[in-house]
Every structure is written in C-alpha cells, then in structure tokens.
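Examining the three-dimensional arrangement
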Amino acid sequence: MADIHIDIERMIMHSNYLLEVDNSSASNGLSDMERKQYLDQIKELVQTVQTLLDANIALGNKQKELQAEADRKIAGLQDQVDKLTGELQARRRKMHGKNNEKQTGDKSVNTGKTKDEEEGEYIENGCEQPSDSDDSDEVTDTEATNPKKDLSQRPDHYKTMKAEVLVVHDCDKDKLKAMGLEFIRYTRPVDQFDRISMTRQDRYLYAWVRDKDGNEFAFFVPKDEGVEQRACTFVDESKYDMPSMVPHTSSTSGMLSDLIVNRFQYAITSGREMYRMVNEKMRMSKSTIFNWLRHGAEFLENCQETIKQWLLKPGSTIYCDESWVDTKVTDANGEVHYKKRYMWVIVNLTTKVCYYLYGSRKKEVIKEFLGDFKGTLMTDAYAAYLYFNKLKDCTHVCCWSHVRRLFVSASCDYKDSLAQAFIDLIGILYKVEVENQVLGRTEKEIVKHRGEESLPVLHDLYQQATALLKQFEKNEIKLSAKLQQALTYMTKHWEELMAYTKIGSVLIDNNCCERAVRPFTNLRKNFGGFSSEQGARVTATFLTFVETCKLMATAPLDFFRGFFDMIVAGRRDYALMTEALLVKPV
C-alpha cells in the first residue's frame, strides 16, 4: 500500500507538471501537434491514477472481508473452546462430586467445628491452645462441690445397641462369699459384642427303603435323641431335624436370602462372595451361586404381578427413569456380543412400590408395561414418554430437577453469568415445596400455595427465557451452548413443567426415582455388565423387592427369609404371600 501511495503522488506531480508545461507552451506558441501530444499524456496519467485508486479500494474491501471472516472463525473456535471446557468441567464435577451446587451461606455459630478446622486454627494460632479451650485440667467449682456419682445406679442397658442373640453370664455369688466379699446388688451389666460368621453344613443320611407294595424310594426320619447331642446356643436345633432346602437348590432359605441381600442390596460381587466363603471354610463355584439366584428369582417372579398392580393403582402418581447397562446378547446370525440395554425404574410413593423393568430404550417397552395407566406420570423429557400427552386419563409432568441441572452446568461449567438468575428463581419454587412438606399441607392446600407463590415465579421464568432466546436469535446477545440447551429445554416442555402446580399429590421433581436408580448403577459399576439377558432380568426381579422393602420400611433380609420359608413349606399362593410379608397399600 505504501508503494502504491508513492506512485500515485508521483503521477499527480507529473500531471501537474505537464499541465503547467501545457499552459506555458500555449503562451510560448507551441504547435497544435505538440499541444495534443501533451494532452494525451495527461489523460493517460489520469487514467492510470484512477485505475490505481480502484485497485486500492478493492484491496481495502477484500482486506475487510478477510478480517471479518477471520473474526468469525476465531469467534467460532472460541465458542468451541468454551463448549469443550464446559463439558470437561461438567464431567469432572460429575466424577468428583457436586460441591459446586451446594448453597453457600453464613455458618451457624452453634455448628460444631470439625477436627480439621480445629487443627487449622491451632496451626494459625502458632500452635498455641486457644484461651476458650475445653481441654483444661482444672477442677471446676461444680465438680469440687458435687460428690462422685454411684456408678452402680446406671441403667441396666442402653437402647442404642442390641443384638439378636443374647447370652447372659451371671456372677457366681458363692465364689464371692468364699472370697470374703458381700453381695449388695447388681451393677450396670457390661455388654460385649462379637460377630460370628460361619456357614453350616447339615448332612442327612437318607435310607433306601421298600414299602409293603414293593416300591423302593429314598426316605429320612430323624432320631429323637439327636437334638441333645448337637445342642447349639445360637439356633433352634429342632428346625434341622428334617431337610428344608429351597427347591432346585441345596440352600436353606436363610443362606439364599443372605446371598440375595449381599449381591443386590450391598452390591457384593460373586468373586468376593466366594472369598468370604473361603474364610468360612466353604468352597463354592460361581455357577452354583448364579443357579441358586436364578431359581430363587423364578419363585419371586410370580409375586411381581401383585407388585405391578400396586404400582399402577389408578389415580396415583408414578415416577419413571431409566439407566443403561451393557448386556451380552445373541444376534440373528448367532454371534454373541455386548449391546447397550436399559433398566427402567418406576416408583409409586403413594403405594410405596418400586419396580425394575429390563429391556431396550424404545418406547414400546414402557408403553406395553404401563398400558392404559390412568393417573399422573413424572418423567424427564425423553421422547418415549411423549405419547402420554395424548392419553385421555393420564397427565404427563416433567421434572424441574433436570431443568435446574442444566442451568447449574451453564453457570458452573460454562461460566455463563446469565444462568444464575434462573437458578435463583427455581430455588424459590423449591422453597415453596419444602414449606409444603414441613408444614404438612394437604393436597388442596398445596395446589393453593403453588398457585399463589409458584405461578408468578414460573411466569417470570418463561418471560426471561423467551426474551433471551429472541435476543440470541437476533445476535443481540451471546449465550453459552449449555444455557441455550437449558432455555430451549425449558420453553419446549413448558406445558409439562407447569402441570405439577395443578396436582397436589405430585412432587416438583423426579428425584425419588433417581435415588432408586442408584442401587442399580452401583451394581453396574461393580459388575461391569451382565453376561446374559437372563441375568439382567434376575437382577430386575430382586431389585424390585429390595427397593420396595425399603419404601415399606421392611428389612429386605426378613422379607426374603419369610418368603423362601413359605416356599419350603409348600405355599404357592403368591398374592397372599406378598400381602402377608409386605404392608399392603391402602
């Protein structure tokens, strides 16, 4: 550009010189031919100058276009960097916890300090003990004036600890007398707790007999004097007189129940279970454990229909969610490989039932299971649930926790300051729900307070969301990718998100169902996947009863022991057995 500028100035000076020459030549009497020659040179110079000026303008415009294109590419790359950074932060927060979501505020002065806090203050004070420390060895006036307490007057036992088996060891008063000691009264007993882990094996020597008709068969009858010879403090020995194994297994109801609870409630793998048995001087293969669990699940499957009836009670509210799992399947060509499957989890807080359904993520799975359910369904915005919006007697409600989670991610991970206003407004909605629970409001009162307190906040949320989206579409404002997703998600499913305000029996979010998903995700983390689809269905069966027992405040171990005791006794009236072992919903 500098060279072009110099050439233009030179040409202009040259043209001015020729003009001056032309003027002087006219006065000096130049001929017409000479004068015409000078004029042609001047025109040529002017034309060259004009060409250079046009080229200069074109180059300037091209440079502006290139700069604008570069700015657009830089902005696009920066958006990608922000998005990837946000996704990385979201993954880190998901992996290492959600401390960023915790509300910050003033700590109560009555809150006790942790050991780390006290140690930190101790170091900051130059390793000197604070003046208000409670570690002083001085005797207070109260301690000096009050006499020592009689320790023998303490209560006989504490209610905080109690074992199932209690063995009482009495003090020998005769020996006390022989030692010259006088017995006054009993003091507070000293309790000692010990955990005894063992596996018992009972071997029954069956006799091959022949009856009067000549029929031969195996038969066992216990000896009457056997109980005294094998007396045991910890169990009722009489129940071992006859074999009482769960059909198709070599396990008692107690041992099978322990295996079920260890695996499906405590997520103990089969390998760890085998090591535990080795410590108890017993050896057992994985296939045997799996076979016992499979046969136990076959009996429990007959009770699932009763659980399903309680779950889909007309007029109630159910909460639904799902989670993935890798399962080994066989395709049409006979090839075996792992494929992603899903575990659907459905919870009914009214009837206190939790149901696990194994299958694919297609809507036909949940659609076939729920059928023509009449009531309220709380879910996220997954497309499989959208068909509920078309059902006549079913109300589909979407979860506000999913919405809040997106805004929290936009604020914490993508550093978008505009998301905090939406988080604060959603927090007001949750404040209303907490008050409903704390104050014990009825369903009618809940609908009233939601209309008076929540609806204005909801309208404000929607207006702010739509306004931001319009400004973003007009390029008047810049939004992070996650905030765009949050605003779009909220406005697109606004009708389902608003529906909870009109139903007093439904919660604001689907967290109760997500909590029920966690036991399954723990299993998935420990087991890695399922070696067969049959194993996945067995897991769904046992988890259904484990989590239902939790909702009904029943110990899962007691339920399984009671159920398989009934199976061993010959009962097969599964509906009545389920009602007897679980609290039947009203």
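Before any of the text, the structure's been laid out above.
This one's a predicted model, so the numbers in the text were calculated from it and none came from an experiment.

This paragraph deals with the sheet that holds strand β7 (residues 394-398). On the basis of which strands lie adjacent, the open sheet formed by 5 strands has the order β5-β4-β3-β6-β7 and mixed pairing. The open sheet is flanked by β5 (353-359) and β7, the only strands paired with a single partner. For this sheet the average axis-to-axis angle between neighbouring strands, irrespective of direction, equals 30°. Looking at chain direction, strand β3 (residues 317-330) and strand β4 (residues 336-348) are connected through 12 bridges and run antiparallel. When the bridges of β4 are listed, Tyr-319 appears paired with Val-347. Contacts from helix α18 (residues 533-551) reach β3, β4 and β5 within the one sheet, and its direction differs from that of β5 by about 170°.

What the rule picks out here adds up to 15 salt bridges. Between Arg-571 and Asp-573 there is a salt bridge, with its nearest N and O atoms 2.9 Å apart. Residue Arg-571 is classed as partly exposed on the basis of its relative accessible area, which comes to 32%.

To continue, consider empty space enclosed by the protein. This structure, assessed with the given rule, holds 1 cavity of 30 Å³ or more. Every residue along the wall of the largest cavity is listed here: Leu-259, Arg-263, Ile-268, Thr-269, Ser-270, Glu-273, Ile-289 and Leu-293. At the level of elements, α7 (253-264), α8 (270-279) and α9 (286-300) are the ones that each hand at least two residues to the lining of the largest cavity. Class assignment of the residues belonging to the lining of the largest cavity gives a composition of 4 nonpolar, 2 polar and 2 charged.

Turning next to α9. Between the first and last C-alpha of α9 there are 21 Å, a value that for 15 residues agrees with the 21 Å anticipated at 1.5 Å per step. All buried positions along α9 are accounted for by Ile-289, Trp-292, Leu-293, His-295, Gly-296, Ala-297, Phe-299 and Leu-300. Check the buried side of α9 and you find it contacts α7, α8, α10 (304-311), α18, α19 (556-568) and α20 (574-581).

Looking at chain direction, strand β1 (residues 207-210) and strand β2 (residues 216-219) are connected through 4 bridges and run antiparallel. Within β2, the residue paired with Ala-207 across the bridge is Phe-219. Here β1 folds back onto β2, and the loop between the two strands holds 5 residues, one of which, Gly-214, carries a positive phi near 90°.

This part takes up the side chain of His-396. Here His-396 shows up in strand β7. Overall, the relative accessible area of 5% leaves His-396 in the buried class. Of note is the side chain of His-396, whose polar atom sits 2.6 Å from the side chain of Thr-379.

A cluster of nonpolar side chains, namely Phe-217, Phe-219 and Val-221, defines an oily patch on the protein surface of about 290 Å² accessible area. Among the structural elements, Phe-219 can be located in strand β2. Note on Phe-219: relative accessible area 44%, which makes it partly exposed.

Further remarks concern the nonpolar core. Trp-344, Leu-370, Trp-400, Phe-407, Phe-560 and Phe-563 are the most contacted members of the largest nonpolar core, which has 113 residues in total. Examining the composition of this core, we find that 8 residues originate from one element, α18, more than from any other. If sequence neighbours within four positions are ignored, Phe-407 has contacts with Ala-419, Phe-422, Ile-423, Ile-426, Leu-483, Ala-486, Leu-487 and Met-490.

Mapped onto the fold, Val-538 is located in helix α18. For Val-538, a relative accessible area of 10% corresponds to the buried category. Taking the C-alpha atoms as reference, Val-538 lies 9.5 Å from Leu-300; in sequence the two are 238 residues apart. Residue contacts for Val-538: discarding those within four places in its chain leaves Phe-264, Leu-293, Arg-294 and Ala-297.

A few words on the pairing of β3. With 10 of 14 residues buried, β3 lies mostly within the body of the structure. Across 3 bridges, β3 lies against strand β6 (residues 375-379) in parallel orientation. Along β6, the bridge assignment pairs Thr-317 with Thr-376. Two successive antiparallel strands, β3 and β4, enclose a turn made up of 5 residues, where Gly-334 displays a positive phi of approximately 85°.

Trans peptide bonds make up the majority, and among non-glycine residues the majority have a negative phi. Positive phi values are uncommon outside glycine, yet Asn-475 reaches one of about 60°. Residue position: Asn-475 is located in the loop between α14 (443-473) and α15 (481-492). We classify Asn-475 as exposed; its relative accessible area is 71%. Unusually for a residue other than glycine, Ala-553 sits at a positive phi of about 55°. Assignment of secondary structure puts Ala-553 in the loop between α18 and α19.

Another aspect to go through is the packing of α10 against α20. Axis angle and axis distance: for two packed helices, these are the angle between their axes and the distance between the axes, and together they describe the pair. One can describe the packing of α10 onto α20 by two numbers: an axis separation of 8 Å at closest approach and a directional angle of 60°. Taken together, the axes of α10 and α20 lie oblique to each other. Along the contact surface, α10 presents Thr-306, Ile-307 and Trp-310, while α20 presents Ala-575, Thr-578 and Glu-579. Broken down by class, the residue content of the contact of α10 with α20 amounts to 3 nonpolar, 2 polar and 1 charged.

On to the side chain of Thr-578. Here Thr-578 shows up in helix α20. Not counting residues within four places of it along the chain, the set of residues in contact with Thr-578 comprises Cys-303, Thr-306, Ile-307 and Trp-310.

Moving on, we get to the environment of Ser-417. Considering the arrangement of structural elements, one finds Ser-417 in the loop between α12 (400-412) and α13 (419-438). Residues Ser-417 and Leu-483, spaced 66 residues apart in sequence, show a C-alpha to C-alpha distance of 9.8 Å.

Another point: the packing of aromatic side chains. In total, this model carries 15 aromatic pairs according to the counting rule given. Ring geometry for Trp-400 versus Trp-494: centroids 5.9 Å apart, planes at 85°, classification edge-to-face. One end of the pair, Trp-400, is in helix α12; the other, Trp-494, is in helix α16 (residues 494-498), and 94 residues separate them in sequence. Between the aromatic rings of Phe-545 and Phe-559, the centroid separation amounts to 5.5 Å while the plane-to-plane angle is 15°, which identifies the pairing as stacked. Here Phe-545 is found in helix α18, whereas its partner Phe-559 is found in helix α19, with 14 residues between them in sequence. One exposure class covers both Phe-545 and Phe-559, and it is buried. Connected via pairs of aromatic rings, a cluster forms that spans Phe-264, Phe-542, Phe-545, Phe-559, Phe-560, Phe-563 and Phe-564. The cationic tip of Lys-173 hangs over the ring face of Phe-183; the distance from NZ or CZ to the ring centre is 5.2 Å. Taking the ring centre of Trp-324 as reference, the NZ or CZ of Lys-340 above it sits at 4.1 Å.

Conventions adopted
Residues numbered from 1 in each chain as written. Predicted model: local features only at pLDDT ≥ 70, side-chain atom pairs only at ≥ 80, totals over all residues. Heavy atoms only, no water. Pairing = 2+ DSSP bridges. Helix = DSSP H or I, 4+ residues; strand = E, 2+ residues; numbered from the N terminus. Axes fitted to C-alpha atoms, helices over the stretch in contact; angles between N-to-C directions. Contact = heavy atoms within 4.5 Å. Salt bridge = Lys/Arg side-chain N within 4 Å of Asp/Glu carboxyl O. Buried < 20%, exposed > 50% of the residue type's maximum accessible area, 1.4 Å probe, protein only. 1 Å grid on protein atoms, 1.4 Å probe; cavity = no way out; pocket = protein on both sides within 12 Å on 5 of 7 lines; lining within 4 Å. Points joined across faces, edges and corners; volume = space filled by probe spheres on them. Nonpolar A, V, L, I, M, F, W, Y, C, P; charged D, E, K, R; others polar. Expected span 1.5 Å × (residues − 1). Polar contact = N/O pair within 3.5 Å; in protein donor to acceptor, adjacent residues only side chain to side chain. Patch = residues over 30% accessible without salt bridge, like charges linked within 9 Å, V, L, I, M, F, W, Y side chains within 5 Å. Areas by Shrake-Rupley, 256 points an atom, 1.4 Å probe, with all protein chains shown as cover. Core = buried A, V, L, I, M, F, W, Y, C linked by side-chain atoms within 4.5 Å. Parallel < 35°, antiparallel > 145°, perpendicular 65-115°, else oblique. Phe/Tyr/Trp six-rings, centres within 6.5 Å; stacked < 30°, edge-to-face > 60°. Lys NZ or Arg CZ within 6 Å of the ring centre and 35° of its normal.

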